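# Structural characterization, general
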Protein chains: 2
Amino acid sequence: MSTPLSVGFLGLGAMGAPMALTLARAGFPVRGFDVSPRAGEVVGEALELLPDPRDAAAGADVVVVMVATGAQLHDVLFGERGIADALGPDTVLLVMATVGPQALESCAQGLEGRGVRVVDAPVSGGTARAATGDLLVMVGGAVEDVDAVRPLLDAMAGNAPVVGPRVGDGQRFKVVNQLLCGVHIAVAGEALALADSMGLDAAQCLEVLSTGAATSFMFEDRGPRMLQGDQAEVRSALDIFVKDMGLVTDAARAVDQPVPLASAAEQLYVRGRREGHGRHDDSVVFDVLRSR
Amino acid sequence: MSTPLSVGFLGLGAMGAPMALTLARAGFPVRGFDVSPRAGEVVGEALELLPDPRDAAAGADVVVVMVATGAQLHDVLFGERGIADALGPDTVLLVMATVGPQALESCAQGLEGRGVRVVDAPVSGGTARAATGDLLVMVGGAVEDVDAVRPLLDAMAGNAPVVGPRVGDGQRFKVVNQLLCGVHIAVAGEALALADSMGLDAAQCLEVLSTGAATSFMFEDRGPRMLQGDQAEVRSALDIFVKDMGLVTDAARAVDQPVPLASAAEQLYVRGRREGHGRHDDSVVFDVLRSR
């Protein structure tokens with residue numbers, strides 16, 4: 001086996017930390033950076049933490065970016081301590097954050113002329129699967145660039161299909177994923193809220209309807225947390241879907257595609273945030289729809 | 001075993017015919033009626049067909065009604081050849097049609113004074129499961145009335161939970177089921193249409209996303225038919241969801257429950273019917289969303 005790829009990993013949050021640790025455990029030398037000093041508590045000694053993102057990126061074969069928003073991606077590249085100048089033709093920039101096609105294409109354009117190779121690889125699967133290297137990674141980019149980062153993808157993902165040749169295709173595929181997830185969570189809340197309003201036993205609805213044509217992964221996953229109410233553990237914050245349904249409707253508008261259901265779901269998430277539920281588990285949409 | 005219940009079965013359409021045949025096969029004497037003379041071609045010699053619904057209902061222990069709409073249910077009971085006068089305290093009226101809580105409650109009120117016992121038992125599962133006696137039946141009604149028809153339910157259903165004590169609770173439960181099914185079909189079409197519009201491979205989206213958090217029963221069931229386009233076999237007509245999403249929004253309005261996703265889905269089905277797709281497979285919503 002040849003020398004393992006050296007990795008700079010920027011963004012060690014709820015998803016980034018377990019992903020970086022998975023890479024380190026697989027034998028890749030990883031230098032990490034996060035804006036929060038608390039990242040060190042999570043990743044411990046398993047990888048080298050640096051106080052400046054440019055130092056984490058310098059000389060790395062692959063720079064992985066796992067931030068939360070397009071604005072953060074832009075800042076990582078072109079901000080005050082932006083890493084763009086540390087990148088060159090020998091580096092692959094592997095963007096695993098969910099930022100939407102427009103933000104990614106804009107950043108890739110900003111890197112043109114430096115010869116940086118960009119691979120677009122957002123993920124799905126949550127923190128548990130991040131920790132076990134079992135993510136779904138949706139990969140967009142040129143074949144040779146994807147091949148160059150394949151060992152990292154294999155370490156982090158249970159499945160990492162190439163979904164298109166363009167940088168942005170991974171984001172587009174993730175947008176389709178989020179459209180389905182965001183609508184399925186919202187409609188699970190709507191169905192259980194209607195059951196409750198009509199005087200039915202919502203728990204029986206969940207139990208009976210989970211076995212038939214009405215079910216979805218999200219109905220079975222979020223349904224029990226909806227019925228727990230305030231006791232529900234925060235596994236995925238509502239704020240994430242405020243952001244991601246915004247990416248869905250932005251991406252759809254860019255290709256003149258009406259998405260009436262995604263749009264209705266987006267409004268529910270926005271309303272939930274306004275009512276103070278942004279950091280609550282996204283299953284809170286059930287309560288948002290029941291409020292009187 | 002005591003003498004099997006005698007059955008009058010009104011409505012021998014796509015669902016009613018296999019349900020009536022299942023009862024006949026299980027040993028119940030069934031006398032049937034349908035407005036269409038073609039019903040005889042389907043049920044053959046297995047049950048006794050009568051030309052007047054009143055004769056099919058007269059003297060039966062249980063009269064099953066499996067029509068398509070609330071208006072048809074009203075006509076069966078109180079129309080020109082309505083069976084209401086043939087019913088009495090010794091009869092259980094077993095309404096298995098999906099007509100919504102309001103229509104059923106209205107008909108039950110019209111029968112008050114005759115002492116007729118009504119059980120509300122709409123079904124889910126499609127024609128194949130109707131033929132094998134493996135339907136999901138959602139049962140609302142008084143315990144003693146449900147007990148009286150339990151042998152019939154056991155013959156037709158794989159699962160027939162009592163979901164509430166009121167006549168109308170079965171319809172309410174079915175409304176929750178249809179809300180989920182109708183939205184899941186519509187959002188499957190919306191997601192695949194967006195994938196296509198963004199230049200992704202919709203078939204790959206279906207394949208990859210079916211394995212993860214974005215999936216639903218309907219995404220996996222209707223998705224392949226969506227991608228077949230005009231070649232798709234008609235398994236469930238779009239018209240059914242025009243009717244059923246109307247029942248959903250009616251039932252929700254009656255309890256002041258907002259259902260923004262169901263409402264958005266309803267508009268898609270209505271638009272599909274206006275564009276001439278009422279009798280096409282409901283997977284045609286994919287084409288409705290792609291139309292330019």
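Residues numbered from 1 in each chain as written. Chains lettered and ligands numbered in written order. Predicted model: local features only at pLDDT ≥ 70, side-chain atom pairs only at ≥ 80, totals over all residues. Heavy atoms only, no water.

## Digging into unusual backbone geometry
At Asp-256 of chain A, a position not held by glycine, the phi torsion is positive, near 55 degrees. The topology assignment puts Asp-256 of chain A in the loop between helix H11 (238–254) and helix H12 (260–277). (Helix = DSSP H or I, 4+ residues; strand = E, 2+ residues; numbered from the N terminus.)

## Description of empty space enclosed by the protein
All names here are of chain B. The tally for this structure, following the rule as stated, stands at 1 cavity of 30 Å³ or more. Forming the boundary of the largest cavity are Leu-73, Leu-77, Leu-93, Val-95, Leu-104, Cys-107, Ala-108, Leu-111 and Val-118. Of all the secondary-structure elements, those providing two or more residues to the lining of the largest cavity are helix H4 (70–78), strand S5 (92–95) and helix H5 (100–111). Tallying contributions element by element places H5 first for the lining of the largest cavity, with 4 residues. By residue class, the composition of the lining of the largest cavity is 9 nonpolar, no polar and no charged. (1 Å grid on protein atoms, 1.4 Å probe; cavity = no way out; pocket = protein on both sides within 12 Å on 5 of 7 lines; lining within 4 Å. Points joined across faces, edges and corners; volume = space filled by probe spheres on them. Nonpolar A, V, L, I, M, F, W, Y, C, P; charged D, E, K, R; others polar.)

## Focus on the packing of helix H8 (residues 169–197) of chain A against helix H12 (residues 260–274) of chain B
Direction vectors running N to C along H8 of chain A and H12 of chain B enclose 110 degrees, while the axes themselves pass 8 Å from each other. The angle between H8 of chain A and H12 of chain B places the two elements in the roughly perpendicular class. Contacts between H8 of chain A and H12 of chain B involve Val-183, Ala-186, Val-187 and Glu-190 of chain A from the first element and Pro-260, Leu-261 and Ala-262 of chain B from the second. Taken together, the residues of the contact of H8 of chain A with H12 of chain B break down into 6 nonpolar, no polar and 1 charged. (Axes fitted to C-alpha atoms, helices over the stretch in contact; angles between N-to-C directions. Parallel < 35°, antiparallel > 145°, perpendicular 65-115°, else oblique. Contact = heavy atoms within 4.5 Å.)

## Looking at the nonpolar core
Ranked by size, the top nonpolar core spans 102 residues in total, and within it Leu-179, Leu-209 and Tyr-269 of chain A together with Leu-179, Leu-209 and Tyr-269 of chain B carry the most contacts. Residues in contact with Tyr-269 of chain A, not counting those within four places in the same chain, are Gly-182, Ile-185, Ala-186, Leu-238, Phe-241, Val-242, Met-245 and Val-285 of chain A. Residues Phe-28, Val-43, Met-96 and Leu-153 of chain B belong to the second largest nonpolar core, which totals 37 residues. (Core = buried A, V, L, I, M, F, W, Y, C linked by side-chain atoms within 4.5 Å. Buried < 20%, exposed > 50% of the residue type's maximum accessible area, 1.4 Å probe, protein only.)

## As for the sheet that holds strand S8 (residues 135–137) of chain B
All names here are of chain B. Pairing is mixed in the open sheet, where 3 strands are placed in the order S7-S8-S10. Where the open sheet ends on each side, the last strands, each with one partner, are strand S7 (123–124) and strand S10 (157–159). Where S7 meets S8, 2 bridges bridge the pair, whose relative direction is antiparallel. Across the sheet, the residue bridging to Val-123 is Val-137, located in S8. Against the sheet, helix H7 (residues 143–156) makes contact with S8 and S10, and its axis sits at roughly 90 degrees relative to S10, the strand it touches most. (Pairing = 2+ DSSP bridges.)

## Concerning the relation of the copies chain A and chain B
At an RMSD of 0.0 Å, chain A and chain B line up after a rotation of 180 degrees and a shift of 0.0 Å along the axis. This pairing of chains is accounted for by a two-fold axis. Taking C-alpha positions as the reference, the residue of chain A nearest the rotation axis is Ser-216 of chain A, at 1.9 Å. Taken as a fraction of all interface residues of chain A, those also at the interface in chain B reach 100%, which identifies the copy contact as same-surface. (Least-squares fit on C-alpha atoms with pLDDT ≥ 70 in both.)

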